[in-house]
Amino acid sequence: MAILPISASLLGLAASASGLSFSIPQSPPSNSSGQISAAPVGVSLEFFTFPEYLQDLPSTTKCLENLKDLTGTWPPVRIGGTTQDRATYNASSSNAVTYTVASTKDAPETLTYGPSFVSLAATYAGKVIIGLNRRLDDISNTIAAARLVKATMQNLYSIELGNEPNFFVDSDPIASGASWTAAADEASQIEWQDAVCGNLSASDIISAGVYFGTSPMSLVGLTAKEGDANEYVKDYCSHNYPQSSGNYNLTALMNHKDIATQIKPYAAEISAASAKGKPHVFGETNSATQGGGGISPTFGAALWILDYVMQTVVMGTDALYFHQGTIGNCQYCWWGRYDMGSPYYGAYFATMALANADKIAPLDSQDSAYAAYAIYKSGAPVKVLLYNSDYYTTGTRSSQTYTLSGISSSSVTAKRLTAQYATSRVDQGQNPTVAGQTFANGTCAIQGTEVVETATVSAGKATFTVKASEALLVFL
Ligand SMILES: *[C@@H]1O[C@H](CO)[C@@H](O)[C@H](O)[C@H]1NC(C)=O
Ligand SMILES: *[C@@H]1O[C@H](CO)[C@@H](O)[C@H](O)[C@H]1NC(C)=O
Ligand SMILES: *[C@@H]1O[C@H](CO)[C@@H](O)[C@H](O)[C@H]1NC(C)=O
Ligand SMILES: *[C@@H]1O[C@H](CO)[C@@H](O)[C@H](O)[C@H]1NC(C)=O
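What this report covers is the structure whose coordinates are included nearby.

## Side note on the nonpolar core
Counting 115 residues, the largest nonpolar core has V309, M310 and W334 as the members making the most contacts within it. Here this core gets twelve residues from one element, more than from any other, and that element is helix α10 (residues 299-315). Residue contacts for M310: discarding those within four places in its chain leaves A350, A353, L354, I360, Y373 and L385. Residues F22, A361, L386 and A414 belong to the second largest nonpolar core, which totals 21 residues.

Structure below.
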């Protein structure tokens, strides 16, 4: 590792008069998060392609292991997505999955999976949420799969009964010819929780809701109906994608204030789960729907992940599972068969920021482009995360200076997340860096010499410069 001495890149320049100042609260302030989970940043692997991710892509295990090396806990994994509601369990199949597609870029319209799918899921060293089918209304098939899941997976966190039922339609088997409304879904979720958990003699095992967005179906609505079935629920689950086709805007995606606005509707969902005594998870999330758009493989999307994780953890979510879709046809994916994706750098940095921490508190009021967070362990501040969400692509790169006060040590170190532009993509040769290092294409091995910056503290204060589209993690 290289230690850079205090330098102009870290010191506030003359512009610091217009810079920002934050005093670091010496204990978690009233707007800090609750207890942060051991590994809040996880991944969701699309159901039909989960075996391929684990067996054919060396990057999968290594990218997850890199995150584990930061926290000591393997990141949580969710196996599910649209194809979970197209999948039928076949107890006599020796294949993990069986399907045909016209093109390798397609997801199958129908598939079966055998016991080895579940055995493979059981090999993952971290916690797993597994998504089973409700849409096709074959409850005995789902119960057969759930029995095997419960018997086989020591690493099981929870089981979903259907994916994004807000998108089920009246002609789906589960609707039984009636209108598929929020009330119909709530009744169906609870009926299935009763039946599955009754047959499994299990409680605290279902990931409930699994709604895309918050309307017309919501956790607020579902929790109001749960009653005694709440005992079957392990967690309440939301899916969130800020952007969709025709609506791509990287400037907005990564903007600190816009992120606060985008996630606001989930505050009531998290409160509804909490009122039922259950954690909330974003069981599937990423930058844009349908595998992502042109904004999704960029460094700006990495910065979005960083700030989105911090803001949702402050709001009270337990974990976020960033979706990884069809291999070879997935703009937002963190890694592929060949190249890494820029967004992984944001996930890595977010994991580093929250690693081994108890609480995080926003220092700013989330109404500008400039974020600052204090991160606590055992009641004391241990890190500060600074994020300048100004969008940079061309011309002179602006910067923001942050003066932090309330630092007790005489010097501090910092690690920087940066790239040439907000639009930088690994596959175009504009590799981001995290503390000067990169992740190797095809293996996800961290490479290069680590660069740790240092800053001198004077009278409890130090000043840091963060360029547009950059973040800095200060270790107090
Ligand atoms: C289940 O798998 C067995 C063994 O491969 C196969 O013979 C059978 O046709 C499959 N059943 C279905 C419904 O796909
Ligand atoms: C088992 O599941 C069936 C639906 O397949 C349901 O009718 C039955 O009530 C369940 N048994 C228990 C004990 O919950
Ligand atoms: C959190 O509290 C601090 C005071 O400790 C305040 O300055 C800041 O604006 C608050 N931020 C939010 C998002 O509530
Ligand atoms: C990954 O591969 C791309 C070409 O597809 C290349 O431009 C980039 O520099 C490579 N990244 C690393 C870290 O080697």
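## Some words on the site of ligand 3
Around ligand 3, the surrounding shell consists of P29, N31, P362, L363, D364, S365 and Q366. With respect to ligand 3, the backbone of L363 contributes an N or O atom lying 3.5 Å from an oxygen atom. Take D364: an N or O atom from its main chain is 2.9 Å from a nitrogen atom of ligand 3. A total of 370 Å² of accessible area belongs to ligand 3 in isolation, and the protein chains cover 55% of it.

## Brief notes about the site of ligand 2
Lining the immediate environment of ligand 2, one finds I139, I143, D194, A195, G198 and N199. In the model, an oxygen atom of ligand 2 is placed 2.3 Å from a nitrogen or oxygen of the N199 side chain. Secondary structure elements with two or more residues in the shell around ligand 2: α4 (139-152) and α5 (182-200). No other element matches α5, which puts four residues into the shell around ligand 2.

## Quick notes on the sheet that holds strand β10 (residues 206-212)
Spatial ordering of the closed barrel is given by β3-β4-β8-β9-β10-β11-β12-β13, a layout of eight strands whose pairing is parallel. For this sheet the average axis-to-axis angle between neighbouring strands, irrespective of direction, equals 25°. Here β10 pairs with strand β11 (residues 233-240) via six bridges, running parallel. For G209, the partnering residue across the bridge sits in β11 and is C237. Most of the contacts of α5 go to β10, to which it runs at about 155°, and overall it touches β9 (156-161), β10 and β11. Seen against the sheet, α10 touches β3 (41-46), β11, β12 (280-285) and β13 (319-324) and runs at an angle of roughly 150° to β13.

## Let's talk about a negative patch on the surface
A grouping of D137, D138, E191, D194, D228 and E231 is seen on the molecular surface, where their side chains present a negatively charged patch. Inspection of the secondary structure puts D194 in helix α5. The exposure class of D194 is partly exposed, given its relative accessible area of 37%.

## Examining the state of the cysteines
Tallied over the entire structure, the rule returns two disulfides. A sulfur-sulfur distance of 2.1 Å marks the disulfide that ties C63 to C444. Given an S-S torsion of about 105°, the disulfide between C63 and C444 has right-handed geometry. Of this pair, C63 sits in helix α2 (residues 58-71) while C444 is found in the loop between β20 (438-439) and β21 (446-447), placing the two residues 381 residues apart along the sequence. By the burial criterion, C63 is buried, and C444 matches it. The connectivity of the disulfides in the protein is 1-4, 2-3, where the numbers refer to bonded cysteines in sequence order. Of the cysteine sulfurs around C237, a residue in no disulfide, the closest is that of C197, at 16 Å.

Cut-offs applied
Residues numbered from 1 in each chain as written. Chains lettered and ligands numbered in written order. Predicted model: local features only at pLDDT ≥ 70, side-chain atom pairs only at ≥ 80, totals over all residues. Heavy atoms only, no water. Core = buried A, V, L, I, M, F, W, Y, C linked by side-chain atoms within 4.5 Å. Buried < 20%, exposed > 50% of the residue type's maximum accessible area, 1.4 Å probe, protein only. Helix = DSSP H or I, 4+ residues; strand = E, 2+ residues; numbered from the N terminus. Contact = heavy atoms within 4.5 Å. Near = heavy atom within 4 Å. Polar contact = N/O pair within 3.5 Å; in protein donor to acceptor, adjacent residues only side chain to side chain. Areas by Shrake-Rupley, 256 points an atom, 1.4 Å probe, with all protein chains shown as cover. Pairing = 2+ DSSP bridges. Axes fitted to C-alpha atoms, helices over the stretch in contact; angles between N-to-C directions. Patch = residues over 30% accessible without salt bridge, like charges linked within 9 Å, V, L, I, M, F, W, Y side chains within 5 Å. Salt bridge = Lys/Arg side-chain N within 4 Å of Asp/Glu carboxyl O. Lys, Arg positive; Asp, Glu negative; His and termini not counted. Charge placed at Lys NZ, Arg CZ, Asp CG, Glu CD. Disulfide = S-S within 2.5 Å.

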